[in-house]
Amino acid sequence: MLSTDRFFDPDVSRKSAAIELYALIKDLPIISPHGHVDPGLFSDPGSRFGNPIELLVQPDHYLLRMLYSQGVPLEDLMQKEDPRRVWQVFAGHFHLYRGTPSGLWFTHTLEMHFGITEKLNAASAERIYDQIEAALAAPEFTPRNLFERMNIELLATTDPVVGALEHHQAIRASGWSGRVIPTFRADDMINMLAPNWLNNVQLLSAASGIDVGDYRSYLAALEQRRAFFKSLGATATDTSIYLPETACLSPLEAETIFQRALKGQASPDDAARFCAHMLVEMARMSVEDGLVMQLHAGVYRNHNPEVFKRFGPDMGFDIPVQAEYTLNLKPLLDRFGDHTNFTLILFTLDETLYARELAPLAGAYPSLRLGPPWWFYDSWNGMSRYFDQVMETAGLYNTVGFNDDTRAFLAIPARHDVWRRAAANWLAGLLVRRLIDRQDAEQMAVELAVGLAKRAYRLEP
Amino acid sequence: MLSTDRFFDPDVSRKSAAIELYALIKDLPIISPHGHVDPGLFSDPGSRFGNPIELLVQPDHYLLRMLYSQGVPLEDLMQKEDPRRVWQVFAGHFHLYRGTPSGLWFTHTLEMHFGITEKLNAASAERIYDQIEAALAAPEFTPRNLFERMNIELLATTDPVVGALEHHQAIRASGWSGRVIPTFRADDMINMLAPNWLNNVQLLSAASGIDVGDYRSYLAALEQRRAFFKSLGATATDTSIYLPETACLSPLEAETIFQRALKGQASPDDAARFCAHMLVEMARMSVEDGLVMQLHAGVYRNHNPEVFKRFGPDMGFDIPVQAEYTLNLKPLLDRFGDHTNFTLILFTLDETLYARELAPLAGAYPSLRLGPPWWFYDSWNGMSRYFDQVMETAGLYNTVGFNDDTRAFLAIPARHDVWRRAAANWLAGLLVRRLIDRQDAEQMAVELAVGLAKRAYRLEP
Amino acid sequence: MLSTDRFFDPDVSRKSAAIELYALIKDLPIISPHGHVDPGLFSDPGSRFGNPIELLVQPDHYLLRMLYSQGVPLEDLMQKEDPRRVWQVFAGHFHLYRGTPSGLWFTHTLEMHFGITEKLNAASAERIYDQIEAALAAPEFTPRNLFERMNIELLATTDPVVGALEHHQAIRASGWSGRVIPTFRADDMINMLAPNWLNNVQLLSAASGIDVGDYRSYLAALEQRRAFFKSLGATATDTSIYLPETACLSPLEAETIFQRALKGQASPDDAARFCAHMLVEMARMSVEDGLVMQLHAGVYRNHNPEVFKRFGPDMGFDIPVQAEYTLNLKPLLDRFGDHTNFTLILFTLDETLYARELAPLAGAYPSLRLGPPWWFYDSWNGMSRYFDQVMETAGLYNTVGFNDDTRAFLAIPARHDVWRRAAANWLAGLLVRRLIDRQDAEQMAVELAVGLAKRAYRLEP
């Protein structure tokens, strides 16, 4: 059974301060401004979850990679025929998650949604499967009901530029009160090396109603799509790139590269320069339309070609690489860094950037904000390092609260709970060392739980 | 009101050990071997401070950048007409500094020098301004009196190579007992890409009385200036460079580049090679004249061109970049690394160098010492990371105590106090874990507060 | 006198949990799967240690470098004439090791093996020297007796590819029960820039009985040597390289470079490409013969040319450099990363790789395991950072327990003791924060002490 004071520092004075601060924020509504939940879960009031494996294991690359790293064949985990057999394999290896965020989220999720307090292992596997299966069959166990029970005030999804956003339209049309909004994700449109880029451009023409035959119409089509996303509630864009290089090309050079790309003749260098340029163009569009810009950089996608070939992306083989922001962002910041109506939220998988580059940048440029610890660092220690290395220089108010960034809808409360506990524990550390007073601590706690996210993502009406 | 046991770890046993160790060192005199206080404050016994804004806010780029990062226009902060209006803006945003070193130093400074214990915010702003203004008007509130009241034993300033050091001369001539010494800062003389480098060379000719027409006379003129600085008490040089590359050019190549530069024809590569070479020459001069060499590297100056254009340097837009010492310093160390009469103190804004490069280097070469946590890392967490990552490998005795590195004269005690508390807290952690005994801890505490700095900077008579 | 609860976190609840967990593992046998002890110590039952200086100081580059860094001439330390004089110098500077792992290991070693509880300094130096000398003269103070008294279950040495392993043969032939096994170390054979590489190849021919005249016979000879090492108990290879680049050359290109090298005409680029290729070949051989592959990267050897010239290697001047694994290992992992019968253990001196690259890689590829904190990081803080930065993402079971990696036979228990205390302290932190339960903690503690090392290095029969 989950201890109510789990995670907190064991020192008596700090722990008691943390418990008090946590009590102030634990029941505040959840703001989830960046994530990957399928909006289709909510478009149909009657939609249901799949079986326990489809729901809890197979979509979770954190879980899969760990099993694979210990020699469990992915075929045994991804098969559809016998979910109970997959569950047995998973449960028999659950000790692998000891002390990991995956293990802690999973345990939290089992207890919170299914009332399971027994430890998961080979012996308890069948019993626990039965419990989950029974809960899933209950009439009230629908995505919309859970959305409300989980006290989610806002959920942002991530959506392709050319998507029709039909689920978002359906959600709005249904009159349901849940607030689910799209996020504009243009990676595959600005990266000319993306598979099927030419096809993506055709889809962009179709989606926007603008015939994309040159660079100018390409920009116009992107702007049209941004406006469409905004009309369905979007407040932000997101871009994930390998390296965060930015550059300002002349319109002529941009057009020349674009024309080569349309003929399938863009070189890797063309593609890199164009992508760097498009980050500045995306910033320019954000200055104009007010959509918050998010930039996720520094990850080598699909590092394992064999696994990619057999199972596709998102199987746990996205591996971080070293990154750099001070020099790379300069062209973009030279143009838009001082705009107070522009917000650019930066994320990193290279923690050496926290204190060296990101905190000094975010602590100086009015347009910059620093996103929360991302991906592998969405963990107790990752959060502790973030608070330790970022806050003294960036200042709390140049950060944006928490992103759960998850596909796993049921795990959202577990993730926000870790963040809120980490925030309370950090503030308790400042408080008992007399670096802030109680009023400061309480206000900062509420900011970390909801306030910073709402303001940074412009979610207030 | 400042708590007497602020900062210390809350664990009862560690805190009580920290309090005891801190008590041993808190009242020791302040040694400030590296900083940026204006020596003109002390040359005239009757000199006075300006108004509260001129004294406390406008010269402090830590404070300015944070306000600017949150959208406060720099024009509103830098105006001279209405200091009370600036103060009101500042106070209304003082929550931005919660948990930051800037906030903690400021609060400490207000209480220590002005007796202000009220929290600064929009409501208290006017009252507090009045209190500061009244204190500044008091006859005893002079720089010299404060120097003595603050128990400063030595204050080193930073001075341009070509300066006449007239304030230092005046201080000496006045018979005042305060010890204020210059530091030889040659950045703009060895970096051929510095604005007005040719003019700097002319000034060097004038200052040294040596007509600098070639590389040989350039070296002679620098040596003359070093001797002049030494005659006024200097014990150290300082150089701030973008990347710490070092190289040994042949005299012919050095001369060739120098001649190109005199004609305004030096390429960026010329400049980089010459600068790398001059670091080795500066080391050679230190071997000869005994001045301690300091090297600060890894910062991109004036990252924001718009702010630089409108407000000049030192406005909070100096942003760290990744750095490297193991390979870059090798040419210099190959020549002078084993000299026991040479001291080279290294600083970094890239903390990844602490454990990987700087501690192993300082823990092996007799000439090397590791400077304290610099700039953004002159903070409680920055110091904790420094102790954690440096001391096991470098050993305490290859470090140099503390530098306050500040322009803000009144904040010097606050900065040394944080260091002394951090040192006591670190040693308390070793002591309660039985890794050192009490005798060790007490001797190490005194070293960290004053002993290491005095020896490293050769401040003992 | 060593405190029984030294090192542990002072918080009462955490410390008491740590003491309980440590009690479970402190007396477990020592598994030392990677180190540099001379196997000759054990081949002759009557072998004895040298004098205290030869035994404790002169072979320990951790100790030497620190003295040298503070200006003690190496000549004074390395002389053979007057060991008592060396001891006096060493003892007079023993305060330099305050708070360092070297100091803690040394103190532990003195107390454990010689019953010395007095503090070492100039005043106690002679008395302590006498005590050590007397103990060394005692009949029972032999390497074999100590091996047993220290409860070493297995000790792996590091041995050159072309060695006859005569000591290992003698140990086996002697019928002694101690398990001492060789490790296959091929650095100087795959690095064509190694001094005397051509001579090494001739030695390889002689040792293998295969005339190495081309790339094919070179591979065959290496395979022969691996088989020979295996026949004497080896379960692993080790390679130390400057940068962990890997590459797959065509057989033709490999042969071409090899032929150039045989003529003494290989370029630095040839050598780098060949070495990168040979890492993949070594992986291929491991897949075939089952020897575990170890890779130590990122250190600039013999950084100080003057010290190298006068005293040779291993004098404390091996300095880390920045490293990269995500991109560099890809060619090797593309070929063998998914093999479940292949184990590749990675080590780093660049801690920024822990969370960014190594933990994500080891947490995904079935072949990869992450080695313990290495060299400068074999310390209390180094271990804390390792647990903090690695375990959440890699998971405990993708790590391999501890390596003492030492030449200092007598210090082996001290080093394992620090690791076991660090492990207990880390687990206690998880336990009191309710992130794992007691059963988890106890099983994880035993894994960290012995289980992980036995499995990763395939030491079970």
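Please refer to the structure placed before this passage.
Residues numbered from 1 in each chain as written. Chains lettered and ligands numbered in written order. Predicted model: local features only at pLDDT ≥ 70, side-chain atom pairs only at ≥ 80, totals over all residues.

Re the relation of the copies chain A and chain C
The two chain copies are related to each other by a rotation about an axis together with a translation along it.
Alright, step 1. At an RMSD of 0.0 Å, chain A and chain C line up after a rotation of 120° and a shift of 0.0 Å along the axis. Between the two chains, the operation in question is that of a three-fold axis. Minimal C-alpha separation from the rotation axis in chain A is found for Asp11 of chain A, amounting to 3.5 Å.
Alright, step 2. Looking at the interface residues of chain A, only 5% of them are also at the interface in chain C, so each copy uses its own face. (Least-squares fit on C-alpha atoms with pLDDT ≥ 70 in both. Contact = placed C-beta atoms within 7 Å.)

Let's talk about the interface of chain A and chain B
Alright, step 1. Chain A puts 38 residues into the contact, and the matching count from chain B is 38 residues.
Alright, step 2. Elements that contribute at least two residues to the side of chain A that touches chain B include exactly α1 (12-25), α17 (330-336), α18 (352-362), α19 (380-394), α20 (412-432) and α21 (438-456) of chain A.
Alright, step 3. Considering each element in turn, the side of chain A that touches chain B owes the most residues, seven residues, to α18 of chain A. (Helix = DSSP H or I, 4+ residues; strand = E, 2+ residues; numbered from the N terminus.)

A word on the sheet that holds strand β1 (residues 30-32) of chain A
All names here are of chain A.
Alright, step 1. Here three strands make up an open sheet; going across it, the order is β1-β2-β4 and the pairing parallel. Lying at the two open borders of the sheet, with one neighbouring strand each, are β1 and β4 (180-181).
Alright, step 2. As paired strands, β1 and strand β2 (residues 152-156) are joined by three bridges and run parallel to one another. Note that in β2 the partner of Ser32 across the bridge is Leu155. (Pairing = 2+ DSSP bridges.)

Describing the relation of the copies chain A and chain B
Alright, step 1. Between chain A and chain B, which share one sequence, the superposing operator has a rotation angle of 120° and an axial displacement of 0.0 Å; the RMSD is 0.0 Å.
Alright, step 2. In this assembly, only 5% of the residues forming the interface of chain A have copies in chain B that are likewise at the interface, indicating a heterologous arrangement.

Observations concerning the interface of chain A and chain C
Alright, step 1. Of the residues lining the interface, 38 residues belong to chain A; the matching set on chain C comes to 38 residues.
Alright, step 2. Secondary-structure elements contributing two or more residues to the side of chain A that touches chain C are α4 (61-69), α7 (101-114), α16 (305-311), β9 (319-320) and α19 of chain A.
Alright, step 3. Tallying contributions element by element places α4 of chain A first for the side of chain A that touches chain C, with four residues.

With respect to the nonpolar core
Alright, step 1. If you look at the biggest cluster of nonpolar residues, it comprises 460 residues, and the most contacted ones within it are Leu427 and Ala445 of chain A, Leu427 and Ala445 of chain B together with Leu427 and Ala445 of chain C.
Alright, step 2. Ignoring any residue separated from it by four or fewer positions in sequence, one finds Ala445 of chain B in contact with Leu21, Leu24, Ile25, Ala423, Ala424 and Leu427 of chain B. (Core = buried A, V, L, I, M, F, W, Y, C linked by C-beta atoms within 7 Å. Buried ≥ 20, exposed ≤ 12 C-beta atoms within 10 Å, placed from the backbone.)

Considering the pairing of strand β7 (residues 292-297) of chain C
If a strand is regular, its side chains alternate between the two faces of the sheet.
Residues and elements named next belong to chain C.
Alright, step 1. Among the six residues that make up β7, six are buried, leaving the element largely enclosed by the rest of the structure.
Alright, step 2. Residues Val292, Gln294 and His296 line one face of β7 and the alternating positions Met293, Leu295 and Ala297 line the opposite face, and both faces are buried.
Alright, step 3. With six bridges connecting them, strand β6 (residues 236-241) and β7 associate as parallel partners. When the bridges of β7 are listed, Ala236 appears paired with Val292.
Alright, step 4. Where β7 lies against strand β10 (residues 344-348), five bridges are found, and the strand directions are parallel. Following the sheet pairing, Gln294 is matched in β10 by Ile345.

A closer look at the sheet that holds strand β6 (residues 236-241) of chain A
Within a beta sheet, neighbouring strands are joined by backbone hydrogen bonds and run either parallel or antiparallel to one another.
Residue and element names in this part refer to chain A.
Alright, step 1. Strand order in the open sheet formed by six strands is β3-β5-β6-β7-β10-β11, and the pairing between neighbours is parallel. Lying at the two open borders of the sheet, with one neighbouring strand each, are β3 (159-160) and β11 (368-370).
Alright, step 2. Set on the sheet, helix α15 (residues 268-289) makes contact with β6, β7 (292-297) and β10 (344-348); between it and β6 the angle comes to about 170°. (Axes fitted to C-alpha atoms, helices over the stretch in contact; angles between N-to-C directions.)

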